Amino acid sequence: MSEGPAARLQQLFEGHRLTPTQRRIAHCMVRRAADVPFLSSVELAELAGVSQPSVTRFAVALGFDGYPALRRHLREVAPAAAQAAVETSYNEYQQAVRAEIENLQHLAGLLADPGPVENAGRLLAASRPLPVLGLRAASSQARGFAYFAAKVHPDVRLLDEGGTMLADRIDAALRAGASALLCFALPRHPKEVVEALAYAQSAGLTVVTVADSAFAPVAKYSDLLIPAAVGTGLAFDTACAPMLLGRVLLEAMCDDLPDAQARLEEFDARAAARGLFVE
């Protein structure tokens, strides 16, 4: 299975201890993966909102002599000219779909090691209650997960509204016995989400996060982060990979809930008795 430029960048960054500024540069490069081989250090610095010397130090931290050496490497492993020639035959809508296919392929590659997802499933299954956080763009991901999780987990608490009561609801979950929190974090990353995760982690919750990049701002406050890239080719980001990863986490959680199947069968029986569905 071929890997796209975003996947190759993720692999390049893995295993390096990066500063917050360097993680910001890495996150910007992943989001602009197709353009990065042709950006100057000044242009990349402007896009990432950092200084030009920070970009140089970032390249050195990755093991290169400087940014020109890093850019040459990126051009060698991902010649954008060839990619552009292929994509010119597709309109912008097709390109957006193909980018999402690439994101899903990258996710499939990550799942070749099921360990992180299986670990997350155990953590989520053991937490009673299970708070699920997602604000703004990520609220639909959190809501979808919580809807299905409630069919097999005895106590799921959706946190999809910000404000001063968010910390109160995290406190309530802690008092009720919660041990973990699941967060969906997508661009643009609200400051409230970062603050909520910092608070939850300091209070003793294990934070499991689905984010668009391993270098997203929430990474610092996540005990276990599993990345799933978003598409950026349209006016609004697309999030097929984070949604699918959420369903994969549901499957892993069900594997650690011994009565999950019984709960599903009970729901189906009640739904049939009430005539909930037309089929």
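Quantities reported herein were computed from a predicted structural model and do not represent experimental measurements.

1. Considering the packing of helix α1 (residues 5–13) against helix α2 (residues 20–31)
Helix packing geometry: the angle between the two helix axes and the distance between the axes.
Okay, step 1: As a packed pair, α1 and α2 sit with axes 8 Å apart at the nearest point and diverge in direction by 160 degrees. The angle between the axes of α1 and α2 places the two elements in the roughly antiparallel class. Considering the relative orientation of α1 and α2, their crossing is right-handed. Between α1 and α2, the residues in contact are A6, L9, Q10 and F13 and A26, M29 and V30, respectively.
Okay, step 2: Along the lines of polarity and charge, the residues of the contact of α1 with α2 split into 6 nonpolar, 1 polar and no charged.

2. Considerations on the packing of aromatic side chains
Two descriptors summarise a pair of aromatic rings, namely the distance from one centre to the other and the angle between the planes of the rings.
Okay, step 1: Taken as a whole and assessed by the stated rule, the structure comprises 4 aromatic pairs.
Okay, step 2: The structure contains a cluster of three or more aromatic residues connected by ring pairs, namely F13, F58 and F215.
Okay, step 3: Directly above the ring of F267 sits K151, whose terminal nitrogen or CZ lies 3.7 Å from the centroid.

3. A closer look at the sheet that holds strand β5 (residues 224–227)
Strands belonging to one sheet form pairs held by backbone hydrogen bonds; the direction of such a pair is parallel or antiparallel.
Okay, step 1: With parallel pairing, 5 strands are arranged side by side in an open sheet as β2-β1-β3-β4-β5. Here the strands that pair on one side only, and so sit at the sheet edges, are β2 (156–159) and β5. The sheet shows a mean angle of 15 degrees between the axes of neighbouring strands, taken without regard to direction.
Okay, step 2: Note: strand β4 (residues 206–211) against β5, 4 bridges, orientation parallel. Bridging from a neighbouring strand, V208 pairs with L224 of β5.

Conventions adopted
- Residues numbered from 1 in each chain as written.
- Predicted model: local features only at pLDDT ≥ 70, side-chain atom pairs only at ≥ 80, totals over all residues.
- Heavy atoms only, no water.
- Axes fitted to C-alpha atoms, helices over the stretch in contact; angles between N-to-C directions.
- Helix = DSSP H or I, 4+ residues; strand = E, 2+ residues; numbered from the N terminus.
- Parallel < 35°, antiparallel > 145°, perpendicular 65-115°, else oblique.
- Left-handed = near helix turned anticlockwise from the far one by under 90°.
- Contact = heavy atoms within 4.5 Å.
- Nonpolar A, V, L, I, M, F, W, Y, C, P; charged D, E, K, R; others polar.
- Phe/Tyr/Trp six-rings, centres within 6.5 Å; stacked < 30°, edge-to-face > 60°.
- Lys NZ or Arg CZ within 6 Å of the ring centre and 35° of its normal.
- Pairing = 2+ DSSP bridges.

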